[in-house]
Amino acid sequence: MQSFKRKDVLLLAIGLIIFSGIFSLNLDLIQAFPTSPSTPFVAGMSYFGQGEYDKAIIEFEKSIELDANHTDSYYYLGQCYLQKGILEYNNQHILKAYSFYRKSYEISEKVIPQYEQIIKDNPEDLNSYLKLGNIYEIRSMVPFINEYDQALSYYLKALDLKENSSSPRNTGIYIYLNTRVGSIYFQKKNYSEAIKYLEQAEKMSSGSVEVYYYLGMSYDKIGEKEKALTSFTKVLELAPQSEFAQEAEKKLKKINK
């Protein structure tokens, strides 16, 4: 039971990284935060960015009352409940945590068809591909749910969209997408594909703990022990107190036996 709990904690840590990545990509929304928010959605985003999830929930619910089709309000409302669930889980309030997870899941069921419709109307809407990939990936971290194929499909479409776009290259999006695709291929046990995408992310960012962790895990799976050792060592250097580091340290001990 103890090992299961440790795995849960690591998955929750990954979940936080996934979402913080997609949140930081919404630069237009973040830059739009005024001192006195002019709409409930903008106010909700401001509170969300500060970690004040209860206040954010109130604002996103107001936004939905004003516009029942405001898809991003539903999305961030669900993320508020997810974050509240993670906080309760970390405080060992397991039942309360899962009640928040259920709320988040229920809201995601409402928002998925909305983003799908947006894509149907506008096949080049990058935001919708990112959000759908995020939803399916995080839902796959729940026991007995495996929607990695759906997540991978949307992330790959987003990556293809960016590579064929005439708009200026956004390195942050490329790092995020290559990391997500690589980590999902690892979950699917396709280690060579995982390495291909994770190495692309590494070239663009030398400071991602998650990239080095999954590179180390993937190298280890295919018997590239020296490369695995280098990657796990980098995890310890970048984030020595993290859950990633604890798992990397175990792997290093095995490699060095």
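In what follows, the structure referred to is the one given above.
Residues numbered from 1 in each chain as written. Predicted model: local features only at pLDDT ≥ 70, side-chain atom pairs only at ≥ 80, totals over all residues. Heavy atoms only, no water.

**Quick word on the nonpolar core**
A general trend in soluble globular proteins is that nonpolar side chains are found buried together. Of all hydrophobic cores here, the largest spans 66 residues; its most connected members are Phe 60, Leu 177, Phe 232 and Val 235. Not counting chain neighbours up to four residues away, the residues in contact with Val 235 comprise Val 209, Tyr 212, Tyr 213, Pro 240, Phe 244, Ala 245 and Ala 248. Leu 82, Ile 86, Ala 97 and Tyr 101 belong to the second-largest nonpolar core, a separate cluster that totals six residues. (Core = buried A, V, L, I, M, F, W, Y, C linked by side-chain atoms within 4.5 Å. Buried < 20%, exposed > 50% of the residue type's maximum accessible area, 1.4 Å probe, protein only. Contact = heavy atoms within 4.5 Å.)

**Digging into the packing of aromatic side chains**
A full pass over the atoms with the stated rule returns 18 aromatic pairs. Where Phe 48 meets Tyr 53, the ring centres are 5.3 Å apart and the plane angle is 65 degrees; that geometry is what we call edge-to-face. For Tyr 53, a relative accessible area of 16% puts it in the buried group. With 5.2 Å between their ring centres and 85 degrees between their planes, Tyr 98 and Tyr 101 make a pair best called edge-to-face. With Tyr 98 and Tyr 101 both in helix H6 (residues 94–121) and three residues apart, this pair spans about one turn of that helix. Aromatic ring contacts, followed pair by pair, group Phe 41, Phe 48, Tyr 53, Phe 60, Tyr 75, Tyr 76 and Tyr 115 into a single cluster. The ring of Tyr 75 has Lys 131 lying over it, and the distance from NZ or CZ to the ring centre is 4.7 Å. (Phe/Tyr/Trp six-rings, centres within 6.5 Å; stacked < 30°, edge-to-face > 60°. Helix = DSSP H or I, 4+ residues; strand = E, 2+ residues; numbered from the N terminus. Lys NZ or Arg CZ within 6 Å of the ring centre and 35° of its normal.)

**Description of the environment of Ala 43**
Its location among the elements puts Ala 43 in helix H3 (residues 40–49). By relative accessible area, which is 10% here, Ala 43 ends up buried. Separated by 13 residues in the primary sequence, Ala 43 and Ala 56 have C-alpha atoms spaced 7.2 Å apart.

**A look at the pattern of salt bridges**
A complete count under the given rule lists twelve salt bridges for this structure. The partner of Lys 131 in a salt bridge is Asp 72, and the shortest N-O contact between them spans 3.3 Å. Within this pair, whereas Lys 131 is found in helix H7 (residues 126–139), its partner Asp 72 is found in helix H5 (residues 71–90), the two being separated by 59 residues in sequence. No difference in accessibility class separates Lys 131 from Asp 72, as the two residues are buried. Between Glu 247 and Lys 250 there is a salt bridge, and its shortest N-O distance comes to 3.7 Å. Placement of the pair is Glu 247 and Lys 250 together in helix H13 (residues 243–255), with a separation of three residues, close to one helical turn. Of the residues examined, Lys 250 reaches a relative accessible area of 41% and is grouped as partly exposed. Linked through salt bridges whose partners overlap, the residues forming this network are Glu 109, Arg 139 and Glu 147. (Salt bridge = Lys/Arg side-chain N within 4 Å of Asp/Glu carboxyl O.)

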